[in-house]
Amino acid sequence: MTHSTETTASTDDPFLWLEDIYGEKQLEWVRAENSLTEDALVTPDFEARERSILEVLDSTDRIPMAGKHGDLYYNFWRDAEHRRGIWRRTTWDSYASADPDWELLLDIDALSASEGTEWVWGGALFLRPAEGEPHQRVLVVLSPDGGDAARYREFDLGSRTFVEGGFDIPTAKSRITWCGPDALYVGTDFGPGSMTSSSYPRTVRILRRGGDLASAEQYFEVDEDHMMALVLHDPTPGFERDIAVDTIDFYTRRTYLRQDGDWRLFDIPEDASISLHREWLVIRPRTDWTADGTTHVAGSLLVIDLEAFLTGGRSFATVFTPDAATSLQSWSWTRDFLLLNLLHDVSSEIRILDPARDWAADLLDACPPLHSVDAYAVDDEDDDSGNDYWLVATGFLTPSTLYRGTIGGTSSAVKSSPSYFDEDRYAVEQHFAVSADGTRVPYFQIAAKDLQLDGGNPTLLSGYGGFEHSMTPAYSGVTGRGWLERTTADGRHGVYVLANIRGGGEYGPQWHHAALHADRHRAYEDFAAIAGDLVQRGVTSPALLGCTGRSNGGLLVGNMLTTYPHLFGAISCGVPLLDMRRYTKLSAGFSWIAEYGDPDKPEEWEYVRTFSPYHLLREDVAYPKTLIWTATSDDRVGPVQARKMAAKMKDLGMRNVWFHEALEGGHAGASDNRQAARMHAMSFEFLWRALTGSL
């Protein structure tokens, strides 16, 4: 629970009172605003569309994505019958069948009813069993409200019950790993001084079975103004080790290996990311790095034998080098190979690297243009399937398919999502807009095949542009039903557009670096350039163009509202950052200084203020119709920036402003499918009616 009474440099803010998240007066304001918005948007037609979207989310034909642990496959599932969800498992033969026979492990709805808490599933952490034994113990992660703060409880897979007297870590923003059958490495809220300014664990302690948190032995600690402390235990036989990570901010960290009773710092740049896999050390630098006279470019991937590195060796194998169009998104090890997931102009490419052949690379022929395909290992330690991989393929008009394959062998489809709308009516195109500084910026357009380029089509532009997060093609029955299939009085379908602006990771770390701090406006210029290109190409017109974004994407569209209001007819702004003067004082905001800058430093506030929508509002500007939505229990961004922005806009006399706050649901804005359906339906309904003149 987050309460803020910080007033430094904000005494002139008349809406500071709304920062008391759970205050009675504040929630009364929220309920009143919710009522106004629901009165305006919720009609019988709205409810029918909401049911249609919920049908997608609750569909029992969705792919039940599973993780392999031992010989069994585990899945968490929500549908109409299981609103909070069920955790279950099955065998491979059963999973691969048309109608798997699932063994129920935990019913979250039943648990919530019995304990009087509306638990939200957060995952399960498996304890590695003894050689030859099945998995027996896990830590089940449950949030009481859908926020990031969660409770960790030991669960027995054999009896399918919580372990009486077992590990039970109270609700907090914790980071926990097993370090053996009778001990945990616990980073959590131990009391005053144990959490960082970013609201994450500052210390990690060793909690032994039967012990208590207060007296647990401290194992690792970071500075209070750093982001987070984490200790991981690698239980791989023959390679057992402890790794500690001092996350300084989102892009810099110090990584340590436990040796001879002490922590040994890895001698690599703080902005590089690393991973360990058996004997291999993998390094991805985010900026150019020169080691022993060799310069390794930003976004490349380097591999070296760990022991050789620790004894001073720096003869890296460069297994990937980016180019102007191609970037590395992720990697995964099978038993004998390294899988690389790449983007080439935002379309997927997968390479299989063989260390036994001096890292020779082969392409995996599974990536159609303008699609997203992701490959990752099934279980690299399995004797029989160590070189098996999962392949998830999806596209805007291609329902997702899950494949399983073997490197050097074949792959076959295991599960496919159903079709939720008439995809054959539509076509996907990729276009490039030219931003203010001449940079070509890609975007995807999904529109009816008979699209008329006369500026008359309701169009929704979506984007993010931050934290090196890539926006890639993906099938969405929600978008299909909620936007593409909707038609105007003269039969025109909605057009959906996804932007790949700077600040994201579509072209690697350089694409991200280009929009950091004082250069933040490049992301907004890119988005505005795409809006302009859509108009210039005749797809739409400003009055018929809406935009939407969440979180950092909420900040993006907040800047469209305040800096580019002439380009849009309506804006849907979700779980947003908006008050960039106060963002570091609210929820987890301190951890994002590396992305935006520090408003408490005068020289940095000078540029941060230029993209702080809360401070850019003016009385004499005609703003587009705006919906601002958030969630009370969001403990990452928090609801207060959205509240304050809506209150300020209304105080300035702006009538076309609506606000809605889900009273639970965390940063996702929803903790179950019904809440998610309401959130999606409300955003789509607002945008459609605002753009077509019925609101």
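In this text the structure is predicted, and so the values were computed from the model without any measurement. (Residues numbered from 1 in each chain as written. Predicted model: local features only at pLDDT ≥ 70, side-chain atom pairs only at ≥ 80, totals over all residues. Heavy atoms only, no water.)

A. A look at the overall build of the chain. When helices and strands are tallied, the chain shows 14 helices and 39 strands. Taking 26 Å as the expected radius of gyration for a compact globule of 695 residues, we find that the chain reaches 25 Å, a close match to that expectation. Overall size of the chain, expressed as C-alpha extent along the three principal axes, is 65 × 60 × 55 Å. Counting the 695 residues in the chain, one finds 60% classified as buried. Long-range contacts, defined as pairs at least 24 residues apart, comprise 57% of the intrachain contacts of the chain with a sequence gap of at least 6. Only carbon and sulfur atoms are counted for the fraction: they give 47% of the accessible area of the chain, which is about 27400 Å². Between the centroid of the 63 positive side chains of the chain and the centroid of its 105 negative side chains there is a distance of 4 Å. (Helix = DSSP H or I, 4+ residues; strand = E, 2+ residues; numbered from the N terminus. Rg over C-alpha atoms; globule rule 2.2 N^0.38 Å. Buried < 20%, exposed > 50% of the residue type's maximum accessible area, 1.4 Å probe, protein only. Contact = heavy atoms within 4.5 Å. Areas by Shrake-Rupley, 256 points an atom, 1.4 Å probe, with all protein chains shown as cover. Lys, Arg positive; Asp, Glu negative; His and termini not counted. Charge placed at Lys NZ, Arg CZ, Asp CG, Glu CD.)

B. Up close: the packing of aromatic side chains. One pass over the full model with this rule turns up 40 aromatic pairs. Look at Trp483 and Phe684: their rings are 6.3 Å apart centre to centre, the planes differ by 35°, and that puts the pair in the tilted class. With Trp483 in helix α6 (residues 477-484) and Phe684 in helix α14 (residues 673-692), this pair connects stretches of sequence that are 201 residues apart. A single burial state applies to Trp483 and to Phe684, both of which are buried. These aromatic residues form a ring-pair network of at least three members: Tyr74, Phe76, Trp87, Trp121, Phe126, Phe155 and Phe162. Of note, Lys25 hangs over the ring of Trp17, and the distance from its end group to the ring centre comes to 4.8 Å. Between the NZ or CZ atom of Arg314 and the centre of the ring of Phe309, over which it lies, the distance is 3.8 Å. (Phe/Tyr/Trp six-rings, centres within 6.5 Å; stacked < 30°, edge-to-face > 60°. Lys NZ or Arg CZ within 6 Å of the ring centre and 35° of its normal.)

C. Representation of the nonpolar core in the model. Residues Leu461, Phe527, Ile530, Met560, Phe568 and Tyr596 are the most contacted members of the largest nonpolar core, which totals 108 residues. At eleven residues, α14 tops the list of elements feeding residues into this core. Beyond its immediate sequence surroundings of up to four residues, Tyr596 is in contact with Phe467, His517, Arg520, Asn552, Leu555, Leu577, Met580, Tyr583, Tyr607, Val608 and Phe611. The next biggest cluster of nonpolar side chains, apart from the first, holds 16 residues, and it includes Ala272, Ile304, Phe309 and Phe316. (Core = buried A, V, L, I, M, F, W, Y, C linked by side-chain atoms within 4.5 Å.)

D. Structural view of the pattern of salt bridges. Counted by the stated rule, this structure contains 52 salt bridges. A salt bridge links Glu381 to Arg128; its shortest N-O distance comes to 2.6 Å. Placement of the pair is Glu381 in the loop between β28 (372-377) and β29 (388-395) and Arg128 in the loop between β5 (120-126) and β6 (137-143), with a sequence separation of 253 residues. By relative accessible area, which is 32% here, Glu381 ends up partly exposed. For Arg128, a relative accessible area of 32% corresponds to the partly exposed category. (Salt bridge = Lys/Arg side-chain N within 4 Å of Asp/Glu carboxyl O.)

E. Structural view of the sheet that holds strand β15 (residues 241-247). Strands sit in the order β14-β15-β16-β17 across an open sheet of four strands; the sheet is antiparallel. The sheet terminates laterally at β14 (228-234) and β17 (262-265), the two strands that pair on one side only. Averaged over all neighbouring strand pairs, the angle between strand axes comes to 30°, with direction disregarded. (Pairing = 2+ DSSP bridges. Axes fitted to C-alpha atoms, helices over the stretch in contact; angles between N-to-C directions.)

F. Structural view of the sheet that holds strand β12 (residues 203-208). In spatial order, the strands read β10-β11-β12-β13; together these four strands make up an open sheet with antiparallel pairing. Each end of this open sheet is capped by a strand with a single partner; those strands are β10 (175-178) and β13 (217-221). For this sheet, the mean angle separating the axes of adjacent strands, direction not counted, is 25°. Bridge count for β12 against β13 is four bridges, and the pairing is antiparallel. Bridging from a neighbouring strand, Arg205 pairs with Gln218 of β13.

G. Structural context of the packing of helix α2 (residues 44-58) against α6. With their axes 9 Å apart at the nearest point, α2 and α6 run at an angle of 170° to one another. Between α2 and α6, the interaxial angle falls into the category roughly antiparallel. Contacts between α2 and α6 involve Ser52, Ile53, Glu55, Val56 and Leu57 from the first element and Gly477, Val478, Arg481 and Gly482 from the second. Residues belonging to the contact of α2 with α6 are distributed by class as follows: four nonpolar, three polar and two charged. (Parallel < 35°, antiparallel > 145°, perpendicular 65-115°, else oblique. Nonpolar A, V, L, I, M, F, W, Y, C, P; charged D, E, K, R; others polar.)

H. A look at the environment of Val414. Tracing the chain through its elements places Val414 in strand β31 (residues 411-416). What makes Val414 buried here is its relative accessible area of 15%. Ignoring anything within four residues of it in the chain, the contact list for Val414 reads Trp92, Tyr95, Ala96, Leu402, Tyr403 and Arg404.

I. Geometry of the packing of α6 against α14. Orientation of α6 relative to α14, taken along the N-to-C sense of each, is 30°, at an axis distance of 10 Å. Looking at the two axes, α6 sits roughly parallel to α14. The handedness of the crossing between α6 and α14 comes out as right-handed. Contact with α6, carried on its side by Val478, Thr479, Gly482 and Trp483, involves His680, Phe684, Leu687, Trp688 and Leu691 of α14 and no other residues of that element. For the contact of α6 with α14, the class distribution of residues is six nonpolar, three polar and no charged. (Left-handed = near helix turned anticlockwise from the far one by under 90°.)

J. Quick peek at a negative patch on the surface. A surface patch of like charges, here negative, comprises Asp71, Glu131, Asp383 and Asp384. Relative to the elements of secondary structure, Asp383 occurs in the loop between β28 and β29. By relative accessible area, which is 69% here, Asp383 ends up exposed. (Patch = residues over 30% accessible without salt bridge, like charges linked within 9 Å, V, L, I, M, F, W, Y side chains within 5 Å.)

K. Region of the structure containing helix α13 (residues 640-651). The terminal C-alpha atoms of α13 lie 16 Å apart, and with twelve residues this matches the ideal 16 Å at 1.5 Å per residue to within 8%. Counting buried residues along α13, ten of its twelve residues qualify, which places the element largely inside the surrounding structure. Tucked into the core, α13 has its buried residues touching α1 (24-41), α9 (552-563), α12 (613-616), β38 (625-631) and β39 (657-662). Of the residues one or two after α13, Gly653 is the one with positive phi, at around 90°. (Expected span 1.5 Å × (residues − 1).)

L. The confidence of the model for the chain, seen in detail. Summary statistics for the chain give a mean pLDDT of 96 and a share of 97% for residues scoring 70 or more. For the stretch residues 1-10, pLDDT sits under 50, and the model shows 19 contacts to residues farther than four places along the chain or on other chains. (pLDDT = per-residue confidence, 0-100.)

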